[in-house]
Amino acid sequence: MDKLQIGGGVALEGEVRISGAKNATLPILAGALLADGPVTIGNVPHLQDVTTTIELLGRMGVTVTIDERMRIEVDPSTIREYFAPYELVKTMRASILVLGPLLARFGRADVSLPGGCAIGARPVNIHVAGLQAMGADIHIEGGYIRARAERLKGARLVLDTVTVTGTENLMMAATLADGETVIENAAREPEVVDLANFLIAMGAKIAGAGTDRVVIEGVRALRGVHYEVLPDRIEAGTYLVAGAITAGHVRIKHARPEHLDAVVVKLREAGASVASGDNWVEVDMRGRRPRSVDVRTAPYPAFPTDMQAQFAALDTIASGVGTVVETIFENRFMHMLEMRRMGAEIRLEGNTAIIHGVGRLTAAPVMATDLRASASLVLAGLIAEGRTEIERIYHIDRGYETIEEKLAQLGARIKRVPN
Ligand code: EPU
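Quick notes on the rules
- Residues numbered from 1 in each chain as written.
- Predicted model: local features only at pLDDT ≥ 70, side-chain atom pairs only at ≥ 80, totals over all residues.
- Heavy atoms only, no water.
- Phe/Tyr/Trp six-rings, centres within 6.5 Å; stacked < 30°, edge-to-face > 60°.
- Helix = DSSP H or I, 4+ residues; strand = E, 2+ residues; numbered from the N terminus.
- Near = heavy atom within 4 Å.
- Polar contact = N/O pair within 3.5 Å; in protein donor to acceptor, adjacent residues only side chain to side chain.
- Areas by Shrake-Rupley, 256 points an atom, 1.4 Å probe, with all protein chains shown as cover.
- Nonpolar A, V, L, I, M, F, W, Y, C, P; charged D, E, K, R; others polar.
- Buried < 20%, exposed > 50% of the residue type's maximum accessible area, 1.4 Å probe, protein only.
- Contact = heavy atoms within 4.5 Å.
- Pairing = 2+ DSSP bridges.
- Axes fitted to C-alpha atoms, helices over the stretch in contact; angles between N-to-C directions.

Engineer: Explain the packing of aromatic side chains here, please?
Structural biologist: Tallying each qualifying case throughout the model produces four aromatic pairs. Consider the rings of Tyr82 and Phe106, whose centres lie 5.2 Å apart with planes at 40 degrees: the pair is tilted. Within this pair, whereas Tyr82 is found in the loop between strand S5 (72–75) and strand S6 (83–84), its partner Phe106 is found in helix H4 (residues 99–106), the two being separated by 24 residues in sequence.

Right under this line is the structure:
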């Protein structure tokens, strides 16, 4: 297993290109199952979770081909099985996203129930209840969700909690259902909108994506199309924090600034100058120490849970005291304990972390526990005195494309070494 070695203390400077969004690519790949013909998808990030999804589709008999530019062609016409095995679902919970498309298009799906997860229980009851309300016959048996339906029927679904993949699964299922489906309390994340745009390009009738009320009028069939995935706002936000935390000057390009509002507000509160254009954002913190910021996670457009750990890292060396309140996942503070090992002063009280900024962090061997926690340890490593070693970086590879190359391009002293 590889690890990352980071020599701290370099102010990052330069430009970095943002990749396609992981959390849009995964539902779009699953959504390709709905099409009558081949779908091609561009701006796909080279990530472990994408590889896992391709493997999942391949196991079902779907033909997946990838060209050298990471354009993926998915041809669902060769499908033989409607099955997502435990061994893949346990490595990637987003596999649940095939449930809605399989059921809507082929009338059956056997999908392993994801278990708990490092960051929280993360049940899928809302996905299941929504499909049942659309007429599906669903049993949980032997750890699997076994779902059957002739043709799903449109329904009015009021989601208990705002759920991103839940909204996506139900929206995909509704595209081929008989009649109108209304999803109330829908997730408004840009990735939900990107998936909706992809489905609309295939011929789906969807209105209201990006609001909390999505209306889908079922159609008989969807056609194959080409679609380009939107840029990754969490990768973008992570590099902006990297610029700020190192007192550097970083420009991200090929990004969507309008998806970064909550992050930019916090960077400005931390004392950074932030400028943006059509598809770029620049953060400038040269010669300054960040000020502590308070963040509270909530569904989009509020501050994203996927950026919480990165801002916690910023607070560790900022002037003042910052609080981080995590309202989405009940166990998303593992990075706090690792950062303490680097000298951070963090007190945890339930879902709140109180962080007293210290003058410096010191390098230590630390362990990545989940994707965004890993990103925060990389950020902490960039400012710590000495050489930080991060183990279990397969978590990082699930969601950050060539992170060591992109950071090295900004001047960081970072390398991947075999363990
Ligand atoms: N929830 C339920 N029941 C359900 C579904 C969700 O109680 O049936 C709860 C969850 O336990 C959680 C809350 O609802 O407390 C919100 O979870 P959500 O369903 O929105 O999360 P998700 O769809 O499983 C996606 C992203 C996550 C991101 C969250 C929140 C994908 C593939 N994953 O997960 O991304 O943190 O939304 O924005 O889109 C990551 O990229 O590192 C990551 C974890």
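Back to the write-up after that little detour.
Engineer: What am I meant to see in the site of the ligand here?
Structural biologist: Close to the ligand lie 21 residues; Ile126, Thr163, Thr165, Asp306 and Ile328 are nearest. One nitrogen or oxygen atom from the side chain of Arg122 is found 2.9 Å from an oxygen atom belonging to the ligand. Between Asp306 and the ligand, the recorded distance is 2.6 Å, taken from a side-chain N or O atom to an oxygen atom. Expressed as a share of its isolated accessible area of 840 Å², the protein-covered part of the ligand is 86%. Of all the secondary structure elements, the ones that give two or more residues to the shell around the ligand are helix H1 (22–31), helix H5 (125–133), helix H6 (164–175) and helix H12 (371–383). For the shell around the ligand, the class distribution of residues is nine nonpolar, seven polar and five charged.

Engineer: Mind showing me how you'd approach the side chain of Thr316 here?
Structural biologist: Its location among the elements puts Thr316 in helix H10 (residues 308–316). By relative accessible area, Thr316 is classed as buried at 0%. With near-sequence residues (within four places) excluded, Thr316 lies in contact with Met339, Ala344, Ile346, Ile355, His356, Gly357, Val358 and Leu361.

Engineer: Please clarify how the sheet that holds strand S23 (residues 387–391) should be interpreted in this entry.
Structural biologist: Backbone-to-backbone hydrogen bonds pair the strands of a sheet. The strands run either parallel or antiparallel. Pairing is mixed in the open sheet, where four strands are placed in the order S22-S23-S1-S24. A strand with exactly one partner marks an edge of an open sheet, and here the two such strands are strand S22 (365–367) and strand S24 (413–418). Each strand axis lies, on average, 25 degrees off the axis of its neighbour in the sheet, ignoring direction. Note that S22 and S23 share three bridges and pair parallel. Its bridge partner lying in S23, Pro365 is registered against Glu389. Sheet strands touched by H12: strand S1 (2–7), S22, S23 and S24. Its angle to S1, the strand with the most contacts, is close to 35 degrees.

Engineer: Help me understand the side chain of Gln5 in this model?
Structural biologist: Mapped onto the fold, Gln5 is located in strand S1. With a relative accessible area of 11%, Gln5 lands in the buried category. Only 2.8 Å separates the side chain of Gln5 from the side chain of Glu389, close enough to count as a polar contact. The contact partners of Gln5, leaving out residues within four places of it in the chain, are Arg387, Thr388, Glu389, Arg413, Ile414, Lys415 and Val417.

By themselves, these are just geometric observations and shouldn't be taken as functional.
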